[in-house]
Every structure is written in structure tokens, then in C-alpha cells.
Amino acid sequence: MADIIGELEAQGRCLFVNPLPAIGYTMDTHEPHNAFLRMDAVVDGDNPRVRWVAEQLTRDDPVATAERCFTFVRDEIQHSVDFAREGIPISASAVLDTGSALCFGKSHLLVALWRACGLPSGFCYQRLRLDGADFDRHATHGLAAVWLPRFGWYRCDARGNTKPGVECLFTPGTESLAFTPVHEGERDYPDVWAQPWPQVLGDLLGLTKLSQYLARPIDAAPPTADHLRERTRAA
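This write-up is about the structure you can find in this document.

How each quantity is defined
- Residues numbered from 1 in each chain as written.
- Predicted model: local features only at pLDDT ≥ 70, side-chain atom pairs only at ≥ 80, totals over all residues.
- Heavy atoms only, no water.
- Axes fitted to C-alpha atoms, helices over the stretch in contact; angles between N-to-C directions.
- Helix = DSSP H or I, 4+ residues; strand = E, 2+ residues; numbered from the N terminus.
- Parallel < 35°, antiparallel > 145°, perpendicular 65-115°, else oblique.
- Left-handed = near helix turned anticlockwise from the far one by under 90°.
- Contact = heavy atoms within 4.5 Å.
- Nonpolar A, V, L, I, M, F, W, Y, C, P; charged D, E, K, R; others polar.
- Buried < 20%, exposed > 50% of the residue type's maximum accessible area, 1.4 Å probe, protein only.
- Lys, Arg positive; Asp, Glu negative; His and termini not counted.
- Salt bridge = Lys/Arg side-chain N within 4 Å of Asp/Glu carboxyl O.
- Phe/Tyr/Trp six-rings, centres within 6.5 Å; stacked < 30°, edge-to-face > 60°.
- Polar contact = N/O pair within 3.5 Å; in protein donor to acceptor, adjacent residues only side chain to side chain.

1. Quick look at the packing of helix α3 (residues 62–76) against helix α6 (residues 103–116)
Each pair of packed helices gets described by two things: the angle between the helix axes and the distance between those axes.
Here comes step 1: For the pair α3 and α6, the least separation of the axes is 10 Å and the interaxial angle reads 155°. Put simply, α3 runs roughly antiparallel to α6. By crossing handedness, the relation of α3 to α6 is classed as right-handed. Contact with α3, carried on its side by A66, C69, F70, F72, V73 and R74, involves K106, L109, L110, L113 and W114 of α6 and no other residues of that element.
Here comes step 2: The residue makeup of the contact of α3 with α6, split by class, is nine nonpolar, no polar and two charged.

Rendered as C-alpha cells:
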């Protein structure tokens, strides 16, 4: 996939524009709804450069396409903390242009690529205790999920395998996540959301550099009933 990165570099990287937060609609079925294909200011899979990358990653088999998108984001987009990258891009196109992002930004790009390939997909979250932190220090971790024929909803983590002890693979039918909530105060949210949590987006928009995030990591709560519109539950 280095050829894709090389072509993007040749085209030049675009400036990052803060996206507007967006929220979705409520659903109770496990089946994918058209909301899980929708583009917006954050999941801008209709951006020409995002769409071009999606075209390069597309194969006839949807599972192969989903895996190629996952591998591209996992391996070619650096995790901001692992590589000490100060930028905080949020929208999928901004993450692609910057080449690095927090877990949230990487999930925004992955979902945008999946949707550009016609694959229903959405967002998942965990609440995790910070490394070496006291029990009251937690942070939200962003994941993604894709709907695959024969498998249904499949959660995966494209944060990158550059953190010691992390080895996330694309193995439909068997989750391969970076972290498993086991400590007090940690939580695994089983829902798949059509759009990122509003609080996550709001907190990201309040950051301008990585050092601010490290000083005060995002510890978000799921949207309340008043804000909830679209979600489903991963089987």
C-alpha cells in the first residue's frame, strides 16, 4: 500500500478544516440501515482524495475490501501518541492528509473508506484506565465496526500495532481488539453508532495539539436519549 501513500504525497496534502459535529437516528434492528452509509463533515468519504484511496482498496469480495481498508488505516496512518504527532485532525480527509491521528480520527477515516466502498459501518467505543494511572483516570477509546456478508457486524481496532503488546488483526468472526476492559471503571460499549459521539467530537474540536490531549484525555459518555438517533448492537 506504499504506492497509495506515494501518490497522495505527490498530489500534496490538503489543509485541515474543523468539521461540524453531527448526530444520527434511533434503530433497534441488527440489520444495517442507510444511516451506516451516510457521509457528513466528519465521515467525508465523498471527499475526492478519500474516494480515490477507497477505489484503490476496493476488490470484488467485500470482506477483502474491508480488510484492505482496515490494514491501510492501521499501518499507514500513524497513531498520534505512539509517534508524538502534535496535530489533532478529526475528519476523515484531514486524517488522510495529515497522516496521523488519535484513535478517534483513525476510526473516522476507516468508516469513511468503508462507506465509500459501499460497506455499512459505524463507530464503537470503550472506556479504559490509562496506563500506570490511578483507578479514577480513564479515557475513551474509539473503534469501528463493519457489516460483512456471512458475519454481520464485526468490530475491529485500527489504532495501529506500534504500541508494545498490541497486535490487532482483521479476523471476521473473532474480534482482535487492542484492549479488553477488565479493571474497575472500564467499560465495553456493545453498540455500533452511525455517527461519532457528540461529546467526543466536541472535546476533539477543543484541542489544538497532542499535549493538550495527554494532559486531559477525553473521557466521554454515550449520548443521552435526547441526542441518540441511530445505533445498532454488534451481535
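After that view, the rundown keeps rolling.
2. Re the side chain of D44
Here comes step 1: Inspection of the secondary structure puts D44 in the loop between α1 (2–11) and α2 (48–57).
Here comes step 2: This buried residue, D44, is left without a salt bridge; R49 holds the nearest opposite charge, at 9.6 Å.
Here comes step 3: Not counting residues within four places of it along the chain, the set of residues in contact with D44 comprises V50, S91, A92, S93 and A112.

3. Remarks on the packing of aromatic side chains
Here comes step 1: One pass over the structure, following the stated rule, counts seven aromatic pairs.
Here comes step 2: By way of ring pairs, the aromatic residues Y125, Y189, W193 and W197 are connected into one cluster.

4. What about the side chain of H138?
Here comes step 1: Considering the arrangement of structural elements, one finds H138 in strand β4 (residues 138–148).
Here comes step 2: Exposure remark for H138: the relative accessible area of 7% places this residue in the buried category.
Here comes step 3: A distance of 3.4 Å separates a polar atom in the side chain of H138 from the backbone oxygen of E184.
Here comes step 4: Sequence-distant contacts of H138, defined by excluding residues within four places in its chain, comprise R127, L128, R129, L130, E184, G185, E186 and D219.

The quantities given are spatial measurements derived from coordinates; they are silent on function.
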